[in-house]
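This is what each chain is made of:
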Amino acid sequence: MRGLMPAKRSEFQLALARDCLRMLQGHVEIPRVNDQRLLDHVVGADGSEEGFLSGGFLTAVGLMSMLQLAGRPISSFRRILDFGCGSGRVTHWLRHLAGDAELTGTDINPEAIAWCRENLDFEANFICNGPRPPLPLAAESADLIYGISVLTHLDEDLQFQWLRELHRVAAPGAVVVLTVHTDYRAVRTLSQSAFAKYRRRGFFYQRAASDDKTVAGLPDFYQVAFHTRNYIAGKWTRLFEPLLSVAHGPFWSQQAIVLRKRDRTTPRLLKPRWKHVKLPLGGMDTPGFGGPPQGDIQHVAGWAFDPDSDERRNVTAWVNGKPAEMRYIEVERDDVKAAFPDIPHAGNAGFMLNVELPANDHGFHVIWFTAGDSPVPVSATYVTG
Ligand SMILES: C[S@@+](CC[C@H](N)C(=O)[O-])C[C@H]1O[C@@H](n2cnc3c(N)ncnc32)[C@H](O)[C@@H]1O
């Protein structure tokens, strides 16, 4: 997908920054998730408390920006369902932004739901659901449903059962956002023959390794699934119309798909006309998440690369939605090279720049970077003060 026109692009960034600052102002500190198993499930193997907070924030920013890009900002929804909410890693950031919207979180894991009920002191309804539908929710009772890294674990039959159930719970015109793994994740994870099957069928489900901490203790059906976009366009469209996909960036090795509930009047196109945003894989190391600023000038350092191309892209840093400085990616990063040994150009994927922190009375500065001409942040953080 091509980027927005420059004027629209800066409007987009400013609106996103306003929402991010509101989200930070309304955010309250939550108790530490000191159960390592819960962290392993939602943050990734050996996930940390810091990763829970920064990853939840980044996913919330990714979700908000793609909803905004699809023309349905988060503030426009009244009944929001976080399907597979885990320990509320994303929900707790959105609570304030969602205004007086009703928030519901459901998960199959009773420990995660118990943690949410005990520790997230806001008006959300946390429900433990069974491995198969139905959810204990009325038909057409949600106008936004998101499921972050849930369908990445279900076999094909369960996937269809849950898609039908989400369709039942979705109100007419509701938006549904679901994430699936990207092709790059499939290349890295699957054997050659499994990858060939994945490309042929568009869907592949396999057992996680026996020592995979991200599935330990969860029911046996909870393994690892991969979907191509063609499969989604072919198989999900009886129920949902795909609007937009955003790969990598805030969703790391996954892509988020924005869908709209299909009803009898929605035309079913042979080839859906959805938009695709492919962001680099990337991250920001400096400033640290939520820390104090360095002064009026803040050093920003990170890395970004496109796993499928060594074409150099520029990055733009944004402070509270205003562009700060643009740089080509050129700094050597041995740590990134070591983490992605299969990508020769990962070794010089670093960037560094200094940004000015304008005086403001928000109490926060939200900083993100974009790559090329896409308006969706690749990674985001904030400083306090
Ligand atoms: C990788 S975790 C992500 C959790 C959360 N969405 C987040 O981003 O922090 C996947 C979650 O999906 C939940 N899950 C898997 N299958 C589910 C189902 N059929 N219904 C509800 N939750 C499910 C798991 O228990 C787990 O908490």
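In this text, all values refer to a predicted model and were calculated from it rather than measured experimentally.

1. Examining the domain arrangement of the protein chain
Where interface size is given, it is often the accessible area lost as the parts come together that is meant.
Link 1 in the chain: The domain architecture assigned to the protein chain consists of domain 1 (31-278) and domain 2 (281-384).
Link 2 in the chain: Computed over C-alpha atoms, the centres of domain 1 and domain 2 are 26 Å apart.
Link 3 in the chain: Between domain 1 and domain 2, the residue contacts involve 19 residues of the former and 23 residues of the latter.
Link 4 in the chain: Buried area between domain 1 and domain 2, summed over both chains or domains, comes out near 1,600 Å², and the portion from carbon and sulfur atoms is 70%.
Link 5 in the chain: Counting the surface domain 1 buries against domain 2, the share from its top three residues, Tyr-184, Trp-252 and Lys-278, is 32%.
Link 6 in the chain: Viewed at the interface, domain 2 and domain 1 are joined by two salt bridges.
Link 7 in the chain: The partner of Asp-308 in a salt bridge is Lys-278, with the nearest N and O atoms 2.8 Å apart.

2. Points about the packing of aromatic side chains
Link 1 in the chain: Scanning the model with the defined rule gives 16 aromatic pairs in all.
Link 2 in the chain: On the numbers, 6.3 Å between centres and 70° between planes, the contact of Phe-52 with Trp-115 is edge-to-face. Remark: Trp-115 occurs in helix 5 (residues 110-119) and Phe-52 occurs in helix 3 (residues 49-69); sequence separation between them is 63 residues.
Link 3 in the chain: Looking at Phe-52, the relative accessible area reads 0%, which means it is buried.
Link 4 in the chain: A ring pair is formed by Phe-195 and Tyr-198, whose centres lie 5.5 Å apart and whose planes are at 45°; its orientation type is tilted. Pair noted here: Phe-195 and Tyr-198 are both in helix 8 (residues 192-201), with a separation of three residues, about one helical turn.
Link 5 in the chain: Residue Phe-195 is classed as partly exposed on the basis of its relative accessible area of 23%.
Link 6 in the chain: The class of Tyr-198 is buried, set by a relative accessible area of 0%.
Link 7 in the chain: Taken together, the aromatic side chains of Phe-57, Trp-93, Phe-289, Phe-364 and Tyr-382 make up a single cluster linked through ring pairs.
Link 8 in the chain: One residue, Arg-312, lies across the ring of Tyr-328, its end atom 4.9 Å from the ring centre.

3. A word on the pattern of salt bridges
Link 1 in the chain: Counted according to the given criterion, the structure contains eleven salt bridges.
Link 2 in the chain: With a shortest N-O distance of 3.2 Å, Glu-241 and Arg-260 are connected by a salt bridge. In this pair, Glu-241 sits in strand 8 (residues 240-247) while Arg-260 sits in strand 9 (residues 254-261), placing the two residues 19 residues apart along the sequence.
Link 3 in the chain: By relative accessible area, which is 31% here, Arg-260 ends up partly exposed.
Link 4 in the chain: Arg-333 is the salt-bridge partner of Asp-335, the closest N and O atoms lying 2.8 Å from each other.
Link 5 in the chain: Classification of Asp-335 by relative accessible area gives partly exposed; the value is 46%.
Link 6 in the chain: We classify Arg-333 as buried; its relative accessible area is 12%.
Link 7 in the chain: Salt bridges here are not isolated pairs; linked through shared partners, they connect Lys-278, Asp-306, Asp-308 and Arg-313.

Cut-offs and rules
Residues numbered from 1 in each chain as written. Predicted model: local features only at pLDDT ≥ 70, side-chain atom pairs only at ≥ 80, totals over all residues. Heavy atoms only, no water. Domains from an automatic or database assignment. Contact = heavy atoms within 4.5 Å. Buried area = accessible area lost by both parts, 1.4 Å probe. Salt bridge = Lys/Arg side-chain N within 4 Å of Asp/Glu carboxyl O. Phe/Tyr/Trp six-rings, centres within 6.5 Å; stacked < 30°, edge-to-face > 60°. Helix = DSSP H or I, 4+ residues; strand = E, 2+ residues; numbered from the N terminus. Buried < 20%, exposed > 50% of the residue type's maximum accessible area, 1.4 Å probe, protein only. Lys NZ or Arg CZ within 6 Å of the ring centre and 35° of its normal.

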